Amino acid sequence: ETATGEIEILVGMDGWDFDYEVIKDDRVRVFKEKEHIGRRSIHNKLAKEAIGKYLLKIDAHVIFDLGWDTKLKCVCEENTIVGPSVGIIDEDKWDPKEGRWAGFDMDENLKGTWRTESIEKKIEEVMACPGTGWMIQKDTFWKFGGNNLSLSKWSDEEAEWACNIWLTGGKVLIRTDVVCAHLFR
C-alpha cells in the first residue's frame, strides 16, 4: 500500500507444512518449503524467482512509509546495498511510533550503536545496514553467488552483504528519509 512504483512480492514460507492464506494480490507469489531449508536458502530461491532488477529483503513484521520503493531504488546502484532508517511499531495500533535510528557508529572498542540524534542528510554512508530491511540489485546479489550457505542458516545476512559490498569498494547506504518500522520482540 505504500509503494509508489511497480513491485513484486515473493513470500518464502520455510518449513511450512500447513495451509495459511496470504493476502490476495496479483503482485504476491508464495513459495513454500515443507522442510526447513533456512532463511539464506529460501532467500536465494526467491532471488532466482524474482523478475525485477532489485531485491528487497524485509522481515515479515515491518511497515514502510509512503514512497519507500522509489527512494531506495534511486540510490541502489551496482555494488551498493541500501537500507532504511529503522523505527518501532506500536503493536496495539500497528502504526509506527515516533523516533527512528539511522546511521551506525562504532567506538574504539568496536561497539556499534545506531544514531538517534536529529538526522540532517537524506543519504548516510555507513559500514552496516539494518537487518529489518535492505535493498540490493539482483545482478550484484548473484555476482557474489547469493547468500553464503556456509554461514548461519538463520540470520546475519545484512552483515554478510554489508561486508561483501564495503570490502570490495562498494557503498553501504542508509536512506534516512525512508522509515521501516519494525515490531521488536
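Residues numbered from 1 in each chain as written. Predicted model: local features only at pLDDT ≥ 70, side-chain atom pairs only at ≥ 80, totals over all residues. Heavy atoms only, no water.

(A) Spotlight on the state of the cysteines. By the definition in use, this model includes 0 disulfides. As a non-bridged cysteine, C74 has C76 as the owner of its nearest cysteine sulfur, 9.7 Å distant. (Disulfide = S-S within 2.5 Å.)

(B) Region of interest: the nonpolar core. Among the nonpolar cores identified, the biggest contains 17 residues, and I81, I136 and V172 are the most heavily contacted of them. When contributions to this core are tallied by element, the ones reaching two or more residues are helix 1 (39–49), strand 10 (133–137), helix 4 (157–166) and strand 11 (171–182). When residues of this core are assigned to their parent elements, the largest contribution, 3 residues, is made by helix 4. If we skip the residues at most four places from it in the chain, I81 touches C129, W134, M135, W161, A162, I165, K171, V172 and L173. F64, W68, L72 and C76 belong to the second largest nonpolar core, which has 11 residues in total. (Core = buried A, V, L, I, M, F, W, Y, C linked by side-chain atoms within 4.5 Å. Buried < 20%, exposed > 50% of the residue type's maximum accessible area, 1.4 Å probe, protein only. Helix = DSSP H or I, 4+ residues; strand = E, 2+ residues; numbered from the N terminus. Contact = heavy atoms within 4.5 Å.)

(C) Up close: unusual backbone geometry. Notably, N79 is not glycine yet its phi reads approximately 60°, a positive angle. For N79, the location among the structural elements is in the loop between helix 2 (68–73) and strand 5 (80–90).

(D) Broad picture of the pairing of strand 5. For strand 5, the buried fraction is high: 10 of the 11 residues fall into the buried class. Sheet topology places strand 5 next to strand 11; 9 bridges connect them, and they run parallel. Within strand 11, the residue paired with G87 across the bridge is A181. Of the pairings in the sheet, the one linking strand 5 to strand 10 comprises 2 bridges and is antiparallel in character. (Pairing = 2+ DSSP bridges.)

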